[in-house]
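Chain and residue survey
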Amino acid sequence: MAVLVTGGAGYIGSHMVAELLKQNEEVVVVDSLQTGHREAVTGGKLYVGDLRNSVFMETVFRENTIDAVIHFAANSLVGESMTDPSKYYHNNVYGTLCLLDKMKEHGVSKIVFSSTAATYGEPEHVPISEEDRTYPTNTYGETKLAMEKMMKWFDIAHGLKYVALRYFNAAGAHESGSIGEDHHPETHLIPLILQVPLGKREFISIYGDDYATEDGTCVRDYLHVSDLADAHVLALKRLRDGGESAVYNLGSGEGYSVKQVIDAARRVTGHPIPAKLVERRAGDPAVLVASSKKAESELGWKRKRDQMEDIIGSAWTWHKAHPNGYNN
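What comes next is a walk through the structure. None of these values were measured; they are calculated from a predicted model.

Here is what the cut-offs are and how they apply
Residues numbered from 1 in each chain as written. Predicted model: local features only at pLDDT ≥ 70, side-chain atom pairs only at ≥ 80, totals over all residues. Heavy atoms only, no water. Pairing = 2+ DSSP bridges. Helix = DSSP H or I, 4+ residues; strand = E, 2+ residues; numbered from the N terminus. Axes fitted to C-alpha atoms, helices over the stretch in contact; angles between N-to-C directions. Contact = heavy atoms within 4.5 Å. Phe/Tyr/Trp six-rings, centres within 6.5 Å; stacked < 30°, edge-to-face > 60°. Buried < 20%, exposed > 50% of the residue type's maximum accessible area, 1.4 Å probe, protein only. Lys NZ or Arg CZ within 6 Å of the ring centre and 35° of its normal. Core = buried A, V, L, I, M, F, W, Y, C linked by side-chain atoms within 4.5 Å.

So, on to the sheet that holds strand E2 (residues 26-31). With parallel pairing, the seven strands of this open sheet are ordered in space as E3-E2-E1-E4-E5-E6-E11. Looking at the sheet topology across the chains shown, the edges are occupied by strand E3 (45-48) and strand E11 (246-250). Strand-to-strand twist across the sheet, computed as the mean angle between neighbouring axes with direction ignored, equals 20 degrees. Relative to E3, E2 is paired through four bridges, and the arrangement is parallel. Counted as the bridge partner of Val 30 is Tyr 47 from E3. The strands that helix H2 (residues 54-63) touches are strand E1 (2-6), E2, E3 and strand E4 (66-71); relative to E3, the one it contacts most, it runs at about 165 degrees.

The structure is reproduced here in structure tokens:
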């Protein structure tokens, strides 16, 4: 019996594949390679194609005995989602509908879904809990919430059980140093900071220092990508053990400010990493931090890599060895 990982050639998906292989699972990967990398897939069987191609997906399901799906495949750039909402609805929402229909046709009734904290929008409380309202402020978050709701109705109608994991900022790289973060364009803070000691940019920009936080810069949750993969394994176990559908946050419960992340990167790299204060970006909340108490109590999930220096250190190992990503 195989686990199908959609988007398994992407950043988090490739770490998921590596963890499943470590657990001696049979792994099937589907990825269009639109943003993923063939070199990131460390094992299993890779099919290159699109979830929306019914003939392609029929081949995947017919050639493999699939027990469960872990679903990462999606466009995920917030800014792009606001300028091209059609792309996000078509790929994320319609792509997921095609996947769920194919699962239903082949009697596959378990899916772990990579959701996002963007489903909450502006937080009502800090830390954010699963009971807080979901009111996305961008198209990306809206499509992810629509995907969650689609799964809920497939559960009610067809008994398809799902676990949706809403997480914040994935960071770091695999302990082997063989896979890591390679986005084009890069939008995530830690790899952008590390471009400075790599000589790819002169400074890192700080978007405002007058927020209602301890040092005036935005505070965000950061989780090591391998800890996220661990949570997906536990969610899969819940479904295989007959558990009901559920939604879980994954976060640190504390968070780090932009200045704290930069300071940690300076300590890890030994580089001064100049920072330049620029104007705020529209729509940046001061604090986004999640409570993971539900995941800890119901899934037994616990972060193993909770120090920012450890997270950045693993990323630095990857980026030093792969300054141009997988195109080295």
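To continue, consider the sheet that holds strand E14 (residues 287-288). With respect to topology, three strands assemble into an open sheet ordered E12-E9-E14, the strand pairing being mixed. The sheet terminates laterally at strand E12 (256-257) and E14, the two strands that pair on one side only.

Once that is clear, we can look at the packing of aromatic side chains. What the rule picks out here adds up to one aromatic pair. Note on Trp 318 and Tyr 326: the rings are 4.9 Å apart at their centroids and 50 degrees apart in plane angle, and the pair reads as tilted. Of the two residues, Trp 318 and Tyr 326, neither departs from the other in class, the shared state being buried. We note Arg 281 situated over the ring of Tyr 207; from NZ or CZ to the ring centre the distance is 4.3 Å. Sitting over the face of the ring of Tyr 248, Lys 294 holds its NZ or CZ atom 5.1 Å from the ring centroid.

Below, the discussion takes up the nonpolar core. With 33 residues, the main nonpolar core has Ile 12, Leu 20, Ile 70, Leu 165, Tyr 167 and Leu 250 as its most contacted residues. Looking at this core, the elements with two or more residues in it are E1, helix H1 (11-22), E2, E4, strand E6 (161-167), helix H7 (225-240) and E11. Ranked by residue count, the leading element in this core is H7, at seven residues. Once residues lying within four places of it in the same chain are set aside, the contact partners of Leu 165 are Val 112, Phe 113, Ser 114, Ser 115, Thr 116, Ala 231, His 232, Ala 235, Tyr 248, Leu 250 and Leu 299.

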